[in-house]
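The chain contents come next:
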Amino acid sequence: MDIELDIPIKAKLIQDAFLFRHPIEIAIDRPVQAWQWMNQTRTIPDQCDWVRQDVSDSWRRCLEDFHLPLGRYSNWSHYNLQFQNAGDDSGSQNITRLIKHLNNNFDFFLKEAGVMLLLTRSDGTLLYTLGDPPFSCPFIERLLQIDASWSETVVGNNGIGSAIHLKKPIAFQGMEHFLSALHPFTTVGYPILDDTGEIQAVIGLISDHLERMNSLFAFLHLICVLVNTNLPLAHSQAAQSRVLEKIPLKSARKLYPQHDAAIEGELKALVEKAVRLQHYKIPILITGESGVGKDHFVHLLKKAGPRQNQVLIAINCASIPHDLIESELFGYEAGSFTGAKSNGKPGKFLLADNGILFLDEIGDMSLDLQSTLLRVLETSEFTPVGGSKPIRVDVQIVAATNVNLLNAVESGRFRRDLYYRLNGAQIHLQPLRERSDKKQIIHQILQRELNKLQTPQAISFAPDVLELIEQHPWPGNIRQLINVLRATIYTADSSLITRNDLPLDFIGELDTISAAMTASADKKQPSDMQRPHQNQSLSLLDWEKYGIKTTLLECEGNISIAAKKLGITRTTLYKKIDRFGLNKTGNPI
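Residue positions are counted from 1 within each chain, in the order its sequence is given. Since the coordinates come from a predicted model, pLDDT governs what is reported: local features require at least 70, and pairs of side-chain atoms require 80 or more to be given and counted, while whole-chain, interface and lining totals use all residues. Hydrogens are left out, water is left out, and the side-chain values use all remaining heavy atoms of the structure.

**Notes on the overall build of the protein chain**
Heads up, the condition is: Runs of H or I in DSSP of at least four residues are treated as helices and runs of E of at least two as strands, each being numbered from the N terminus. When accessible area is computed with a 1.4 Å probe and restricted to protein chains, residues below 20% of their type maximum are described as buried, those above 50% as exposed, and intermediate ones as partly exposed. In what follows, a contact means two residues having at least one pair of non-hydrogen atoms within 4.5 Å.
A tally of helices and strands in the protein chain yields 25 helices and 16 strands. A buried classification covers 52% of the 589 residues belonging to the protein chain. Long-range contacts, defined here as pairs at least 24 residues apart, represent 69% of the contacts in the protein chain between residues at least 6 apart.

Okay, here's the thing in structure tokens:
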């Protein structure tokens, strides 16, 4: 059935959202130069061609009316976000209920697109969120807590706060935001008005994909029409799915650009191995530290494998409440428990039929559910909660974990039989610090983030900053690298990024690493090498060489013990020994 037949004439505005006949054109001229001018002069740019009128007007309110601090991200790290315990009003609570009713299809769609939906009260305090949050930093984490304020008077102009002030839909992108902590994002807001024209609530979107403003507007327009009208579409999941297919939001790119051959180089052999395993439906277990890109690897093997045209369903076993994970995996029949939907709900296994089911953080799955999962893997059949008939599916299982499952097995936290069932073949992803192409990855991701700017060539990194970034061990791996680069690029005071522009938590981590290396060196002083004087300025590379040489001398050339003490693999230690021109005992060759 043509979906337009279900749309009342009075709701013609939704047809434009579906068909995108009139895309919202927003001319973003020179917000980078305009914001930098405002930051330096503490005045609003007079040049009308620099930014849109809505932007300059909102900046004027932030600077002259609200007297908000302007400048680096560090100024906002402890800023009062006016957390409030506001009373619930019936209007906003009713809209919350309607948004939750759309949860299933829309939550999956938002997560795939890398977009987060926010619902606030009429005063801008946060009520409800849907989808995955954008890249994390301390300020954004606090801003996404329930009851945090998105008002213009608190965090400057943004889609939500400005929509409240203007009582109209509005969006801001990148450096159009007054607050530098919001520069990596696009924010869109849409006020829901009652019959008297008063705001009941505001529905907003936030995304760190800056090129998507028109698509975000269209998607938000769709959501608001569904909330404002009693269309059949609002009650039909099948109709919702057909509509969502018309929204031109592409899947979010995870961690790496999809066609970056240099970054994919080291993963190529592992992907080829995984593809061969898929042909025989052998379960795959991906291991590696948090942040190494396990989810990205799964997308790569799907794209290259025999199920590339089928669905990929991902579920994080650590994020689902214990009492809900069984219904999430296997679904439930109508009326099977209090609060169950009248027409039941399909589980992830059924949704992944003929495709791939990605079980992330499998090591955090409860023991009782492990038994149920084992039976499904052995028989390829499951029974929904409250059901009586088993359902047979054809699913390729890919599991991932950042914990040592064998240790979990020995301690009784993970079933041994399930471990061997999942571990049909294991693929280990190395941490960033052990990758032979570490520097190449760093510069590829750095260039990708710079390319998102209006004028990427205007930003440059001081040599000492690049050296710190290249030599840092990155305990948070690629996820940490991306967050640090984004926070640095979008909050720098000038076009030349110096050490002072690096995030405070990153600087603290550097100091901790340096102190740890100094303490390790103090335990045993090499006879042929004097410890650097405390006032002597050395690079992180010099300290790394000093630490490796000290450890090798202390371990008397035992590579295995030295590698264990340094927290790296034997292969990595051999590479560093060769790089620094040392022998196994730490002496120069």
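**What to know about the sheet that holds strand β3 (residues 170-173)**
Heads up, the condition is: We treat two strands as partners when DSSP finds at least two bridges between them. Axes, fitted as lines to C-alpha atoms, cover a helix only where it is in contact. Angles between the N-to-C directions of the axes lie from 0 to 180 degrees.
Strand order in the open sheet formed by five strands is β2-β1-β5-β4-β3, and the pairing between neighbours is antiparallel. Each edge of the open sheet carries a strand with a single partner, namely β2 (126-131) and β3. Across the sheet, the mean angle from the axis of one strand to that of its neighbour is 15°, orientation sign disregarded. Across four bridges, the pairing between β3 and strand β4 (residues 186-193) is antiparallel. In the sheet register, F172 faces β4, and the bridge partner there is T187. Against the sheet, helix α8 (residues 159-166) touches β1 (115-121), β3, β4 and β5 (199-207), its axis set at about 35° to β4.

**Focus on helix α12 (residues 268-279)**
The condition that has to hold: Here the expected span of a helix is defined as 1.5 Å times the quantity of residues minus one. When we speak of the arc, we mean the arc of directions from the helix axis to the C-beta atoms.
Taking 1.5 Å per residue as the helical rise, α12 with its 12 residues ought to reach 16 Å, and the 17 Å between its terminal C-alpha atoms agrees with that figure. If you check which residues of α12 are buried, you get V271, A274, V275, L277 and Q278. Relative to the axis of α12, the buried residues are bounded by an arc of 160° and lie together on one face. Of the residues in α12, the exposed ones pointing more than 90 degrees away from the buried face are A269, R276 and H279. Looking at the buried side of α12, the elements it contacts are β6 (284-287), α13 (294-304), β10 (356-360), β13 (396-401) and β14 (425-428). Just past α12, the residue K281 takes up positive phi, approximately 55°.

**Focus on the nonpolar core**
Here is the rule: In these notes, a set of buried Ala, Val, Leu, Ile, Met, Phe, Trp, Tyr and Cys residues joined through side-chain atoms within 4.5 Å is what counts as a nonpolar core.
Formed by 37 residues in total, the largest nonpolar core has its most connected members in M38, W59, L118, W150 and F178. Within the residue set of this core, elements represented by two or more residues are α2 (31-41), α3 (53-65), β1, α6 (138-143), α7 (152-155), α8, β3 and β5. Sequence-distant contacts of W150, that is, excluding residues within four places in its chain, are made with L118, G124, L126, L143, L144, V155, N158, I160, G161, T187 and I206. One finds I315, M365, L405 and F414 within the second-largest nonpolar core, a separate group that totals 31 residues.

**Quick notes on the side chain of S56**
What counts here: Think of a polar contact as two N or O atoms within 3.5 Å of one another; within protein, one of them needs to be a possible hydrogen donor and the other a possible acceptor, and neighboring residues in sequence only count if both atoms come from side chains.
Along the polypeptide, S56 turns up in helix α3. Within the local environment of S56, its side chain forms a polar contact with the backbone oxygen of Q53, the two atoms lying 3.1 Å apart.

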